[in-house]
Amino acid sequence: MKENIRKKIYQIVHRASRLSAGIPILNRRKYCNLCGKHSFFFMPYGIRSRVFKELDIIGGGRRKECGCPFCYSHDRFRWCYHLLKEHTSIFTGRCKVLHIAPEAQIAAHVKENKDCDYYTGDIMPGRAEYVVDVTDMQFEDGFFDYIIMNHVLEHIKDEKKAMMELKRCLKRGDMDPGMGMGGGINRVVSHMQEQEYD
């Protein structure tokens, strides 16, 4: 019953937000950097959990204005995309990229770069191009220029082993220490700065 009411509210908010896009006065309040559209508001997204609140996890918990009504991206997707755009050459240069648990909205932008050799991986078959266990990856040492992994490490039991594998598969010297917040590559960088995984 509660879930049905929540779905109905979500549908109403979704329709209202899409309709507001046609009214210039209303549609400038929110902007989605992934689809490039303006909206009067973003939709609620996330799970209510005491853990998210207590630990102040970025991109975790229930957020009131989070989901884009057009491309369905949410805050952590948009933040990851912003960091990748500002601090890497993934969207413009020649590179090899592995994207673990790929977000469709970010993947679409990476695929636009014809100079990018783009690999997608997931532990679950059928969700990506390759089945990839980040604690035991099938790729050669130093194979990738970048690895995108947004909010995945918290689901892995042996985080140290995963970090060793990510480090092994990345080319040396290509990591940007300026990307110190959120998920994705920046998470790998911040972990590697805090601890030596050798």
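Located above this text is the structure these notes cover.
Residues numbered from 1 in each chain as written. Predicted model: local features only at pLDDT ≥ 70, side-chain atom pairs only at ≥ 80, totals over all residues. Heavy atoms only, no water.

S.K.: Would you mind going over unusual backbone geometry with me for this structure?
M.R.: What is expected of a backbone is that most residues other than glycine have negative phi and most peptide bonds are trans. The residue alanine 101 is not glycine, and still its phi comes out positive at about 50°. Looking at where alanine 101 falls in the secondary structure, it is placed in the loop between strand 5 (95–100) and helix 4 (104–111). With phi around 55°, histidine 151 is a residue other than glycine that occupies positive phi space. Along the chain, the position of histidine 151 falls in the loop between strand 8 (146–149) and helix 5 (159–169). Histidine 151 gets classed as buried once you look at its relative accessible area, which sits at 13%. (Helix = DSSP H or I, 4+ residues; strand = E, 2+ residues; numbered from the N terminus. Buried < 20%, exposed > 50% of the residue type's maximum accessible area, 1.4 Å probe, protein only.)

S.K.: Before we go on, may I ask you to explain the pairing of strand 6 (residues 116–122) in this structure?
M.R.: It is a general feature of regular strands that their side chains alternate between the two faces of the sheet. In terms of residue burial, strand 6 counts as a mostly covered element, since six of its seven residues are buried. Note: strand 5 against strand 6, six bridges, orientation parallel. Residue pairing in the sheet places leucine 98 in a bridge with tyrosine 119 of strand 6. A crossover connection joins strand 5 to the parallel strand 6 through helix 4; in handedness this β-α-β unit is right-handed. Two elements, strand 6 and strand 7 (residues 130–131), share two bridges in a ladder whose sense is parallel. Among the inter-strand pairings, glycine 121 is bridged to a residue of strand 7, identified as tyrosine 130. (Pairing = 2+ DSSP bridges. Right-handed = clockwise from strand over helix to strand, strands pointing away.)

S.K.: Mind showing me how you'd approach the packing of aromatic side chains here?
M.R.: Aromatic rings considered in pairs are described by the distance between their centres and by the relative angle of their planes. Tallying each qualifying case throughout the model produces nine aromatic pairs. Ring centres of tyrosine 119 and phenylalanine 143 lie 5.6 Å apart, and the angle between their planes is 75°; this geometry places the pair in the edge-to-face category. Of this pair, tyrosine 119 sits in strand 6 while phenylalanine 143 sits in the loop between strand 7 and strand 8, placing them 24 residues apart in sequence. Across the pair, exposure class does not vary: tyrosine 119 and phenylalanine 143 are buried alike. Here the aromatic rings of tyrosine 119 and phenylalanine 144 are separated by 5.4 Å at their centres, their planes lie at 80°, and the arrangement is edge-to-face. In this pair, tyrosine 119 sits in strand 6 while phenylalanine 144 sits in the loop between strand 7 and strand 8, placing the two residues 25 residues apart along the sequence. Summarising the burial analysis for this pair, tyrosine 119 and phenylalanine 144 share the class buried. (Phe/Tyr/Trp six-rings, centres within 6.5 Å; stacked < 30°, edge-to-face > 60°.)

S.K.: Just checking my understanding: could you explain the pairing of strand 5 for this structure?
M.R.: A large share of strand 5 lies buried, amounting to five of its six residues. Two elements, strand 5 and strand 8, share four bridges in a ladder whose sense is parallel. Residue pairing in the sheet places isoleucine 100 in a bridge with methionine 149 of strand 8.

S.K.: Just checking my understanding: could you explain the side chain of asparagine 113 for this structure?
M.R.: Position of asparagine 113 relative to the elements: it lies in the loop between helix 4 and strand 6. Overall, the relative accessible area of 7% leaves asparagine 113 in the buried class.

S.K.: Would you mind showing me how to read the nonpolar core here?
M.R.: Side chains of a nonpolar character, in soluble globular proteins, are inclined to be buried together. Membership of the largest hydrophobic core comes to 21 residues, with the highest contact counts inside it found for Leu34, Leu84, Ile90, Val97, Ile106, Val110 and Ile148. Put simply, the parts of the chain that give this core at least two residues each are helix 3 (75–87), strand 5, helix 4, strand 6 and strand 8. A total of four residues in this core trace back to one element, the largest contributor, which is helix 3. Once you skip the residues sitting within four places of it in the chain, leucine 34 turns out to touch Cys71, Ser73, Phe77, Arg78, Tyr81, Gln105, Ile106 and His109. (Core = buried A, V, L, I, M, F, W, Y, C linked by side-chain atoms within 4.5 Å. Contact = heavy atoms within 4.5 Å.)

S.K.: Where do I start with the pattern of salt bridges in this structure?
M.R.: A side chain of one charge can pair with a side chain of the opposite charge when the charged atoms of the two come close. With the rule as written, the count across this model stands at five salt bridges. The salt bridge partner of aspartate 145 is lysine 171, with a shortest N-O separation of 3.2 Å. Taken together, the residues span a long stretch of sequence, with aspartate 145 in the loop between strand 7 and strand 8 and lysine 171 in the loop between helix 5 and helix 6 (185–194) at a distance of 26 residues. A relative accessible area of 12% places aspartate 145 in the buried class. Judged by its relative accessible area of 32%, lysine 171 is partly exposed. One salt bridge in this structure joins arginine 168 and glutamate 165, with 2.8 Å as the shortest N-O distance. Remark: glutamate 165 and arginine 168 occur in helix 5; sequence separation between them is three residues, near one turn of the helix. Look at arginine 168 and you get partly exposed, because its relative accessible area is 24%. Linked through salt bridges whose partners overlap, the residues forming this network are Asp141, Glu165 and Arg168. (Salt bridge = Lys/Arg side-chain N within 4 Å of Asp/Glu carboxyl O.)

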